[in-house]
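Here is how the chains run, residue by residue.
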Amino acid sequence: MPPARMLRSLVLVIVGAAATVVGADRALRRAAPMRPRIMEVDDGVAEYRARDPYTLILGSSHSRSFLPVRRILAEERHDLRPIAVVPVEWGTMSSYDWVLQHRLRPLVEERARDGGLRRPSLRRALLVTTFYDLCSSRVTGAANLPARAWEAHDFVADLGDGLTDYNRNFLRERFRQIFGDLLLVQDRGYETIPSGLIDAVRPQPPAKLAARRAADVAAARQHVIEQFEGCDDGDEKRALLEMLDYLQGRDVEVTLVEFPLMPSLVSEQARATTLARYHRFAAGLARTRGLRDVDLTTSSPMLDADFQADFDHLNAAGNEKFARWALDHDLAFLGGPVAR
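The following refers to the structure shown.

**Considering the overall build of the chain**
Phase 1 of the analysis: Counting its secondary structure elements, the chain contains 14 helices and 5 strands.
Phase 2 of the analysis: For the chain, buried positions account for 44% of its 340 residues.
Phase 3 of the analysis: For the chain, the accessible surface area stands at approximately 17,700 Å², while carbon and sulfur atoms represent 58% of it.

**Some details on the environment of Phe281**
Phase 1 of the analysis: Its location among the elements puts Phe281 in helix H13 (residues 268–289).
Phase 2 of the analysis: Measuring from C-alpha to C-alpha, the distance between Phe281 and Phe131 comes to 9.8 Å, with 150 residues separating the pair along the chain.
Phase 3 of the analysis: Filtering out sequence-adjacent residues up to four positions away, Phe281 remains in contact with Leu134, Lys237 and Leu240.

**Topic: the pairing of strand S3 (residues 124–129)**
Phase 1 of the analysis: Most of S3 is tucked away, with 6 of its 6 residues classed as buried.
Phase 2 of the analysis: Burial of the side chains of S3 extends over both faces: Arg124, Leu126 and Val128 are buried on one face and Ala125, Leu127 and Thr129 on the other.
Phase 3 of the analysis: As paired strands, strand S1 (residues 55–59) and S3 are joined by 5 bridges and run parallel to one another. Counterpart to Ile57 in the pairing with S3 is Leu126.
Phase 4 of the analysis: Where S3 meets strand S4 (residues 253–258), 6 bridges bridge the pair, whose relative direction is parallel. Bridge pairing links Arg124 to Glu253 in S4.

**Some words on the side chain of Ser95**
Phase 1 of the analysis: Along the chain, Ser95 turns up in helix H4 (residues 93–108).
Phase 2 of the analysis: One polar contact links the side chain of Ser95 to the main-chain carbonyl oxygen of Thr92, over a distance of 2.8 Å.
Phase 3 of the analysis: Not counting residues within four places of it along the chain, the set of residues in contact with Ser95 comprises Val88, Asn144 and Leu145.

**A look at H4**
Phase 1 of the analysis: When the terminal C-alpha atoms of H4 are compared, their 19 Å separation across 16 residues is substantially less than the 22 Å that a helix rising 1.5 Å per residue should span.
Phase 2 of the analysis: A bend of about 35° at Gln101 is the largest found in H4.
Phase 3 of the analysis: For H4, the buried fraction is high: 12 of the 16 residues fall into the buried class.
Phase 4 of the analysis: Along H4, the residues that are buried comprise Met93, Ser95, Tyr96, Asp97, Trp98, Val99, Leu100, Gln101, Arg103, Leu104, Leu107 and Val108.

**A short note on helix H11 (residues 206–226)**
Given 3.6 residues per helical turn, the α-helix brings residues three or four places apart onto the same face.
Phase 1 of the analysis: Along its 21 residues, H11 runs 30 Å from first to last C-alpha, staying within 8% of the 30 Å computed at 1.5 Å per residue.
Phase 2 of the analysis: Every buried residue belonging to H11 is among Val217, Val224 and Ile225, and all of these are buried. Along the axis of H11, the buried positions cluster into a sector of 100°, meaning they face one direction only.
Phase 3 of the analysis: Here the buried face of H11 lies against H13.

**Focus: the packing of helix H2 (residues 41–50) against H4**
Between two packed helices, both the angle of their axes relative to each other and the distance between the axes serve to describe the pair.
Phase 1 of the analysis: Between H2 and H4, the shortest axis-to-axis distance is 9 Å and the interhelical angle comes to 20°. Judged on the interaxial angle alone, H4 and H2 are roughly parallel. For the pair H2 and H4, the sense of crossing is right-handed. Contact residues: Val41, Asp42, Val45, Tyr48 and Arg49 in H2; Val99, Arg103, Leu104, Leu107 and Val108 in H4.
Phase 2 of the analysis: Across the contact of H2 with H4, the residue classes break down as 7 nonpolar, no polar and 3 charged.

**Describing the sheet that holds strand S5 (residues 292–295)**
In sheet architecture, strand pairing relies on hydrogen bonds along the backbone and comes in two forms, parallel and antiparallel.
Phase 1 of the analysis: With respect to topology, 5 strands assemble into an open sheet ordered S2-S1-S3-S4-S5, the strand pairing being parallel. Edge strands, defined here as strands with exactly one partner in the open sheet, are strand S2 (83–87) and S5. Each strand axis lies, on average, 15° off the axis of its neighbour in the sheet, ignoring direction.
Phase 2 of the analysis: Note: S1 against S2, 5 bridges, orientation parallel. Of the residues in S2, the one forming a bridge with Ile57 is Val85.

**Things to note about a nonpolar patch on the surface**
Phase 1 of the analysis: A surface patch of nonpolar side chains, amounting to about 320 Å² of accessible area, comprises Val156, Leu159, Leu163 and Leu171.
Phase 2 of the analysis: Locating Val156 in the fold gives a position in helix H7 (residues 152–157).

**Some remarks on the packing of aromatic side chains**
Phase 1 of the analysis: According to the stated counting rule, one finds 6 aromatic pairs in the structure shown.
Phase 2 of the analysis: Ring plane angle 75° and centroid distance 5.6 Å describe the contact between Phe66 and Phe322, whose orientation is recorded as edge-to-face. Of the two residues, Phe66 is situated in the loop between S1 and helix H3 (67–75) and Phe322 in helix H14 (residues 316–328); the sequence distance between them amounts to 256 residues.
Phase 3 of the analysis: Owing to a relative accessible area of 0%, Phe66 belongs among the buried residues under this scheme.
Phase 4 of the analysis: Aromatic rings pair up to connect Phe66, Phe259 and Phe322 into one cluster.

**Re the environment of His313**
Phase 1 of the analysis: As for its placement among the helices and strands, His313 is situated in the loop between S5 and H14.
Phase 2 of the analysis: Assessed through its relative accessible area of 15%, His313 is described here as buried.
Phase 3 of the analysis: Residues His313 and Pro260, spaced 53 residues apart in sequence, show a C-alpha to C-alpha distance of 9.3 Å.
Phase 4 of the analysis: The residues contacting His313, other than those within four sequence positions of it, are Ser61, His62, Phe307 and Gln308.
Phase 5 of the analysis: Side-chain polar atoms of His313 contact the side chain of Asp310, separated by 2.6 Å.

Parameters and conventions
Residues numbered from 1 in each chain as written. Predicted model: local features only at pLDDT ≥ 70, side-chain atom pairs only at ≥ 80, totals over all residues. Heavy atoms only, no water. Helix = DSSP H or I, 4+ residues; strand = E, 2+ residues; numbered from the N terminus. Buried < 20%, exposed > 50% of the residue type's maximum accessible area, 1.4 Å probe, protein only. Areas by Shrake-Rupley, 256 points an atom, 1.4 Å probe, with all protein chains shown as cover. Contact = heavy atoms within 4.5 Å. Pairing = 2+ DSSP bridges. Polar contact = N/O pair within 3.5 Å; in protein donor to acceptor, adjacent residues only side chain to side chain. Expected span 1.5 Å × (residues − 1). Bend = angle between axes of the 7 residues up to and from the residue. Arc of directions from axis to C-beta. Axes fitted to C-alpha atoms, helices over the stretch in contact; angles between N-to-C directions. Parallel < 35°, antiparallel > 145°, perpendicular 65-115°, else oblique. Left-handed = near helix turned anticlockwise from the far one by under 90°. Nonpolar A, V, L, I, M, F, W, Y, C, P; charged D, E, K, R; others polar. Patch = residues over 30% accessible without salt bridge, like charges linked within 9 Å, V, L, I, M, F, W, Y side chains within 5 Å. Salt bridge = Lys/Arg side-chain N within 4 Å of Asp/Glu carboxyl O. Phe/Tyr/Trp six-rings, centres within 6.5 Å; stacked < 30°, edge-to-face > 60°.

Given below as structure tokens:
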């Protein structure tokens, strides 16, 4: 076969295969809808770079719930002081500290040509946390850092020991970003397609769906109790102290925000163990380090219905509810200046 004809045949095969994959992907979305894109570390860092934030909100994926807080402050309460939100998906204190030291600190300390700070306005920082942020890497796996926070040069620097399961997470996430429009790629690790297809072919009666949800809630409730064993890690505590040293060393007012948990996950045993220990730690830091501790773990008006199906993150209506309630109550101080 002539080379030109072979090339044409190869191109047709590739185009046909690509069309088949795209078509199948579109069809699968009927059973497993595409999850909306979420704000990541790179987005928050880009915001910080482009603005001169008065307030930095850094922490877990729950930091995204502060996007409506920011909007309400700016649009409804006419507080135009810039706020940068930097969420670290599946993070713990060590990954928040890494993002602060490696991604944000260069921007905080960057100098203009006249020698002054390019962004001098930072006065307030909120660290958005839960008890999970003191979980050891044995519990969390620590894969989120290369996946969510690294840049290319961080990946290259880690290749001294070769390609590992740890640094491969950087490549996996970049692959996911490149093919972000394909459900088949986005669903890796979530596995919603198989269950979606089963539900589409054989819809479950409401009673069975309710029973399955109740079993999932019970398992998650028990998991909060079990995490008492692995979620008081010394390295994670030291990472938090390093963040406090840096921020308070720059005369930044720091607030720890203990984010609400879904009420059904909070048993009396969890209150007395996992949650009580974390709150004692946070409250102790507030006394010894002169920071504000806002414990919303169980004190907010959030209901089970305000949370997503993962039992962890607030849904859109829940985020709006949280933002308005918090600004009228425990986080009302965000509408005022930092006390000097």
